[in-house]
Amino acid sequence: MPLLTNLTADRKTFVTHLECSMTGEIYPADEVHGLSRVGRPLLVRYDLPAIAAHLDRAALQSRETDLWRWRELLPVRHVRDIVSLGEIETPLVPLPVSGGANVLVKDEGRLPTGSFKARGLVMAVAMAKALGIKRIAMPTNGNAGAALAAYATRCGIETVVFCPDDTPDINVQEIALQGARVWRVNGLIDDCGAIVGEGAKQGRWFDFSTLKEPYRIEGKKTMGLELASQFGWELPDAIFYPTGGGTGLIGMWKAFDELEALGWIGPKRPKMFAIQAAGCAPIVKAFDDGTEHAERWENAQTVAAGIRVPRAVGDFLILRAVRASGGKALAVEDAAIEAAVQQAARQDGLLLCPEGGATLAAYHYALSAGLVSAADRVVLFNCATGLKYPMADDSRTLDRHAPIDYDAL
Ligand SMILES: *Cc1c(COP(=O)(O)O)cnc(C)c1O
């Protein structure tokens, strides 16, 4: 029975400890943690040699393909803590016309709540449940709040969600409908984050901001695990990832290291391209300036709400991964994003979200600039279903009471 066999019995788990991503300082597992003492993300560490002895690629591949097939590489100790809405492995969809013969879209819009935020939040909520957390708050541009609300409501955790007041209505409505108390705030996501941080300091709730708890990365990591398996344990040549907080890019990079430690893949890595919008490109600026951290981007503005993140607490982890991979951080204009969404829909029948459109636009640029070649096997991330976003309306109306000119239809 799909989606259940990986969730019926506890398996051996392998988390050993947590580690500060900046200083390497060690923190005990199975306790509530936010950021490290120096205010940076904590990373979960596993006994990888023990996993290698316990599980091989063939055993893994005989399991159902959902996210929970990766249990040994995930932090949840007990199945009873997992609140699942059916986290499927997402397909790689070719874009032969608008992309090219070697371009695949990892279509994350198929996940519960319609975005890849489900990967991170299903994990973080399971850990919150395991650790006895009763109330959670989060700043969001939409999709993270929706995923948090859905999973937390399902296991009786109370949620308070703060979003910029121009967050798309559909996001705000789905968050509220799925049981969160949602507030529109006259500011950007980091302004919302400041409210969440202050409330957490007052002991009102647990802070679920991007990378401020350790487990969303572990959920997002499954994108890298899935890609390795879907590509037959030979990673693609380049990955284009729309980068806001960068959880997914950091998570995939971590996944590749863990898979190499298991002996399941070799040392070859994809070039990682961090894609941002020209109206909010702090990581691109830091990349170009050669700095380790990114400055806050003032007056952030873009149609791609999911990547409108002026400041990322994991900036140095994103930059390190992109640089180590031989990739690049690239910014694309909103007009190019909108044109790419139209192109993929009209030419290949795949409706991308604006952030997904940004990766297609950036791919075309990278191709023309010689950063990738047409022979490279490329993965573009479509992070959410295009149905959640405003769309151009090219429909026509017909009066059925008037004579109909069938030749003109
Ligand atoms: C959150 C989000 C992103 C950015 O993802 P990060 O891993 O936080 O950088 C991109 N696109 C969409 C649609 C999102 O919801």
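Here is a short report on the structure shown in this document. (Residues numbered from 1 in each chain as written. Predicted model: local features only at pLDDT ≥ 70, side-chain atom pairs only at ≥ 80, totals over all residues. Heavy atoms only, no water.)

1. What about helix α12 (residues 334-348)?
Compared with the 21 Å implied by 1.5 Å per residue over 15 residues, the 21 Å span of α12 between its first and last C-alpha is a close match. Burial in α12 covers these residues: Ile 337, Ala 340, Val 341 and Ala 344. Projected down its long axis, α12 carries its buried residues within an arc of 100 degrees, all on one side. Residues Ala 335 and Arg 346 are exposed on α12 and point more than 90 degrees away from its buried face. Looking at the buried positions of α12, the neighbouring elements they touch are β11 (271-277), β12 (328-332) and α13 (354-368). Among the residues trailing α12, Gly 349 stands out with phi positive, at a value near 70 degrees. (Helix = DSSP H or I, 4+ residues; strand = E, 2+ residues; numbered from the N terminus. Expected span 1.5 Å × (residues − 1). Buried < 20%, exposed > 50% of the residue type's maximum accessible area, 1.4 Å probe, protein only. Arc of directions from axis to C-beta. Contact = heavy atoms within 4.5 Å.)

2. Let's talk about the layout of surface pockets
The method is simple in principle: a probe with the dimensions of a water molecule rolls over the atoms, and the space it marks as empty is what remains. Its volume calculated, the largest pocket comes out at about 660 Å³. For the lining of the largest pocket, the secondary-structure elements that each account for two or more residues are α4 (143-154), α6 (189-201), α7 (216-220), β10 (238-242) and α9 (247-262). Take the lining of the largest pocket: its biggest share by element is four residues, from α6. Grouping the amino acids of the lining of the largest pocket by side-chain chemistry returns 15 nonpolar, 14 polar and seven charged. Residues from two domains meet in the lining of the largest pocket; each of domain 1 (93-99 + 103-113 + 215-388) and domain 2 (117-207) gives at least three. (1 Å grid on protein atoms, 1.4 Å probe; cavity = no way out; pocket = protein on both sides within 12 Å on 5 of 7 lines; lining within 4 Å. Points joined across faces, edges and corners; volume = space filled by probe spheres on them. Nonpolar A, V, L, I, M, F, W, Y, C, P; charged D, E, K, R; others polar. Domains from an automatic or database assignment.)

3. Focus on empty space enclosed by the protein
For the structure on display, the rule yields two cavities of 30 Å³ or more. Here the largest cavity is characterised by a volume of approximately 50 Å³. Around the largest cavity sit Val 32, His 33, Ala 124, Met 127, Ala 128, Leu 131, Ile 133, Phe 206, Phe 208, Glu 213, Pro 214 and Tyr 215, which together line it. Considering every element that reaches the lining of the largest cavity, the biggest residue donor is helix α3 (residues 117-130), with three residues.

4. Some thoughts on the nonpolar core
Counting residues in each nonpolar core, the largest one holds 91 residues, and the members touching the most others are Trp 68, Leu 121, Leu 148, Phe 208, Met 252, Leu 259 and Phe 381. Element by element, the count of residues in this core is highest for α3, at nine residues. Split by domain, this core shows at least three residues from each of two domains, domain 1 (93-99 + 103-113 + 215-388) and domain 2 (117-207). Setting aside its immediate chain neighbours within four residues, Phe 381 contacts Lys 106, Glu 108, Met 223, Leu 227, Ile 239, Phe 240, Tyr 241, Pro 242, Met 252, Glu 355, Gly 356 and Thr 359. (Core = buried A, V, L, I, M, F, W, Y, C linked by side-chain atoms within 4.5 Å.)

5. Some details on the sheet that holds strand β3 (residues 42-46)
Taken together, three strands build an open sheet; the order of strands is β2-β1-β3 and the sheet is antiparallel. Each of the sheet's edge strands pairs with one partner strand only, and the pair in question is β2 (26-28) and β3. The average angle at which neighbouring strand axes cross in this sheet is 35 degrees, direction not considered. Direction of pairing for strand β1 (residues 15-20) relative to β3: antiparallel, over a ladder of five bridges. Bridge assignment links Val 15 to a residue of β3, and that residue is Tyr 46. (Pairing = 2+ DSSP bridges. Axes fitted to C-alpha atoms, helices over the stretch in contact; angles between N-to-C directions.)

6. Some details on a nonpolar patch on the surface
A cluster of nonpolar residues, Leu 398, Tyr 406 and Leu 409, forms a patch on the protein surface that exposes about 410 Å² of accessible area. Tracing the backbone through its elements, the reader meets Tyr 406 in the segment after β13 (378-382). (Patch = residues over 30% accessible without salt bridge, like charges linked within 9 Å, V, L, I, M, F, W, Y side chains within 5 Å. Areas by Shrake-Rupley, 256 points an atom, 1.4 Å probe, with all protein chains shown as cover. Salt bridge = Lys/Arg side-chain N within 4 Å of Asp/Glu carboxyl O.)

7. Here we look at the sheet that holds strand β6 (residues 135-139)
Across the sheet, four strands lie side by side as β8-β7-β6-β9; this open sheet has parallel pairing. Across the chains shown, the open sheet's two edge strands, defined by having one partner strand only, are β8 (181-185) and β9 (206-207). Where β6 and strand β7 (residues 158-164) come together, five bridges link them in parallel fashion. By the bridge assignment for β7, Pro 139 is matched with Phe 162. The sheet contacts of helix α5 (residues 169-177) involve β7 and β8, and relative to β8 the element is tilted by about 150 degrees.

8. Focus: the packing of α12 against α13
Look at α12 against α13: their axes get within 7 Å of each other, and the N-to-C directions meet at 95 degrees. The angle between the axes of α12 and α13 places the two elements in the roughly perpendicular class. Across from Ala 336, Ile 337, Ala 340, Val 341, Gln 343 and Ala 344 in α12, the residues of α13 making contact are Pro 354, Gly 357, Ala 358, Leu 360, Ala 361 and His 364. Taken together, the residues of the contact of α12 with α13 break down into nine nonpolar, three polar and no charged. (Parallel < 35°, antiparallel > 145°, perpendicular 65-115°, else oblique.)

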